[in-house]
Each structure stands twice: as structure tokens, then as C-alpha cells.
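The residues making up each chain are set out below.
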Amino acid sequence: MFRKVLSTITIAATTVLVAGLSTGSAQATDFWQAWGSGSYHASADFVPTGGLVHIGGWACEGGSAHSFYVSLVKTSGSQKVFSSYSWDVDGRDHVDPRGIGVNTSTAYYLRWYGNGSAPCSKAFATN
Amino acid sequence: MRRIRPVLLPALIATLAACGPAGPGAGTRPAPAAAAPEAAPEAATAVPGPEAAKVAVIARGEVDGVPWQVDLLDENGLLCTQASVDRRATGHGCDPPVSKAVPVNVAVDGLDDRVLLVYGAADPSVAGLLAHSRTGAPRRVAVTATSGGRGFFAYAVKPGTATDLTALDSDGREVFSAGDKIWQFEDPGR
């Protein structure tokens, strides 16, 4: 949990520094969070209202990261439940389209992992 | 579209998000009440929708008596994997990119906490896959379905035991390791 709090603080500070960058997203999403430079980020928590949730992410080019993936984590105990395929850092949204089974009324958060640092990134979840 | 309710959203992030939709931050709905009691998973079906055609069963088996299966589907031209545990759909993903430079792409699926599924795609340059665990010697993972210039594979272990998935080329050299991804998933402190 400490790591997550620390990460969130880092996210906020970095976000201030890079405010104004585009997320590059045209996809309608119900929960998303974007970050500045880094190779690992953790989002705020959210509660899915449907039993299937689609998770995805995005990263912009220009850093050392060539690929990234997104993990869905139960807030309670930081139990990871799913890690997506790895996607290219290409400035496009990537998403697992059919959705993955989740518990409603349970809080989750997203983690974004790059294989290096990306100047900006985003993770999202939608029903 | 049903909505997702955010919780425990730091006020700072919300403020930053208010800078505008094009800026980094969090895109969220209004804060909800406290979480309700745990509900059962609602992912009720492993049956593909009408737009999905089953290409192959990549692998199936049991872990401690719990059956699992990973199917390869064609969804409007996309090759997708659909996993299920105990006949309930768990993870799903499409079109995992592979290349000679990054010859294996793997998803790690613990949506049912009784079984840890590891599945994905391998470039044709991969001659063998080895699953590593804390409980025994590495074991070969079969690439059972080849489609769209990629081979697909899947295996399952008891949660908490997986350590790595490595790929070998035709000379027996290790050309890929999923150790970081599996470690990040299995290690409770990260």
C-alpha cells in the first residue's frame, strides 16, 4: 500500500510537470488515469458496476519503453488478478476488447508497467 | 454503457483532471459510497458471442481438480484468446503482437484465485517454451495452435508457484523470459 501511495504522490507531482500533454485517447472510458514520465504507475481505485471490465492503456513514444502492459489489481491486499498482453508503445489505445470477469462492489486499481520509461502513459477500464 | 464508480480518489488527482480532458490526470465519475460486501463474479459464460468463431482449444487441464481451458477465437478477423476456469470466463485478449525481437507475448490470469493461467502467442522462431516454477523442474509448454503467423500456448499452475516462462531458439539458446511479468504478478509486495 505504501508503494501505491508513494506512486500516487509521484504521479501527481509528475502530472503537474507535464500538464498539457495530450492523452491521445478517442475511446470513451469510464475510468482512466494518465501519467507523465515513468516505467511504473498505479491508478486510483474504482469499483466496476458490471461483471465484465475491459482494461487497456496507451503510451507515447520518445522514451526507452518499447512495450507496456496493464494489470488489474484488487485494492484489498493488492492482489493482482490479471495482466494483459504486452502492447507496443505507439501512441495508440490498446484494449482487451471482450472484457474480463470481475466482482462488482469490489474496489480495484490499475497498474501500468513499461519495459522502460515512457514520457506519458495512460491506463483505463470500461464496462 | 454502465458506469464504473471511482473510490478513494485523491483530491489532488481530481483537481489535475479538471485541467481539461486533454491533460494527464484521472478521468472519473463522482466519488461513491463505501464498498458493498463482496459479490460473486458475474462473468457467467465462457461461450463466445455470435461474432466469435472458435479456431482451436489451445490447452485445457485441471489444477487441484479445478478445470481450466483456453480457446483461440476468430473475432471479426482478430485472433483472440478466451480463458475459462470451472467453465466461467476469465481473461480475454486479442492480437498479441510478437516478433523476432520480442518472440513471446504472455498474459497472466489469476481472475479465479484457484488457478493461475499463463497463455499467449509465440513467434515461429521460437523452438521451445519452458515453464519454471518453485515446485519442480522446468516443463515444456506445447505450442498447440498456429494461426496468423503465430503459435499459441497455455498452461496453468497453482497460484504462487510460477516463476518464469522462457523461450528457446532452435539452437537451444534462451531468447525470451517472462520472468519480470510473472514476478510482478506473483510477488505480493509489488
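Residues numbered from 1 in each chain as written. Chains lettered and ligands numbered in written order. Predicted model: local features only at pLDDT ≥ 70, side-chain atom pairs only at ≥ 80, totals over all residues.

1. Examining the overall build of chain A
- The helix and strand tally for chain A stands at 1 helix and 10 strands.
- Each helix (α) and strand (β) of chain A, taken in turn from the N terminus, gives the series α-β-β-β-β-β-β-β-β-β-β.
- Buried residues in chain A amount to 54% of all 127 residues.
- At a minimum sequence separation of 6, the contacts of chain A that also span at least 24 residues come to 76%. (Helix = DSSP H or I, 4+ residues; strand = E, 2+ residues; numbered from the N terminus. Buried ≥ 20, exposed ≤ 12 C-beta atoms within 10 Å, placed from the backbone. Contact = placed C-beta atoms within 7 Å.)

2. Looking at the confidence of the model for chain A
- This prediction gives chain A a mean pLDDT of 80; 77% of its residues lie at or above 70.
- Per-residue pLDDT stays below 50 along residues 5-29 of chain A; that stretch engages in 48 contacts with residues further than four places along the chain or on separate chains. (pLDDT = per-residue confidence, 0-100.)

3. Re helix H2 (residues 179-186) of chain B
- Looking at H2(B), one finds that the buried residues are B:Lys181, B:Ile182 and B:Phe185. One side of H2(B) holds all its buried residues, which, seen down the axis, span an arc of 95°.
- Packed against the buried residues of H2(B) are strand E4 (67-74) and strand E5 (79-83) of chain A together with strand E7 (104-109) and strand E13 (162-168) of chain B. (Arc of directions from axis to C-beta.)

4. Describing unusual backbone geometry
- One non-glycine residue, A:Ser105, adopts positive backbone phi at about 65°.
- Assignment of secondary structure puts A:Ser105 in the loop between strand E8 (100-101) and strand E9 (108-118).
- Non-glycine residue B:Asp86 carries a positive phi angle of around 55°.
- Here B:Asp86 is to be found in the loop between strand E5 (78-85) and strand E6 (88-94).
- Judged by C-beta crowding, with 15 C-beta atoms within 10 Å, B:Asp86 ranks as partly exposed.

5. Considering the environment of B:Gly93
- In this structure, B:Gly93 sits in strand E6.
- Those residues in contact with B:Gly93, other than ones at most four positions away along the chain, are A:Ser84, A:Tyr85, A:Asp96, B:Cys80, B:Thr81 and B:Ala107.

6. Observations concerning the sheet that holds strand E3 (residues 52-63) of chain B
Residues and elements named next belong to chain B.
- Read across the sheet, 4 strands follow the order E3-E4-E5-E6 without closing on themselves; strand pairing throughout is antiparallel. The open sheet is flanked by E3 and E6, the only strands paired with a single partner. Each adjacent strand pair in this sheet contributes to an overall mean axis angle of 20°, direction not counted.
- Summarising the sheet, E3 and strand E4 (residues 66-75) pair through 10 bridges and their orientation is antiparallel. Paired with Ala52 across the bridge in E4 is Glu75. (Pairing = 2+ DSSP bridges. Axes fitted to C-alpha atoms, helices over the stretch in contact; angles between N-to-C directions.)

7. With respect to the environment of B:Thr144
Residue and element names in this part refer to chain B.
- Examined against the element boundaries, Thr144 turns out to sit in the loop between strand E10 (136-141) and strand E11 (145-147).
- By C-beta crowding, Thr144 is classed as partly exposed, having 15 other C-beta atoms within 10 Å.
- When the C-alpha atoms of Thr144 and Ala154 are compared, they prove to be 8.5 Å apart, with 10 residues separating the residues in sequence.

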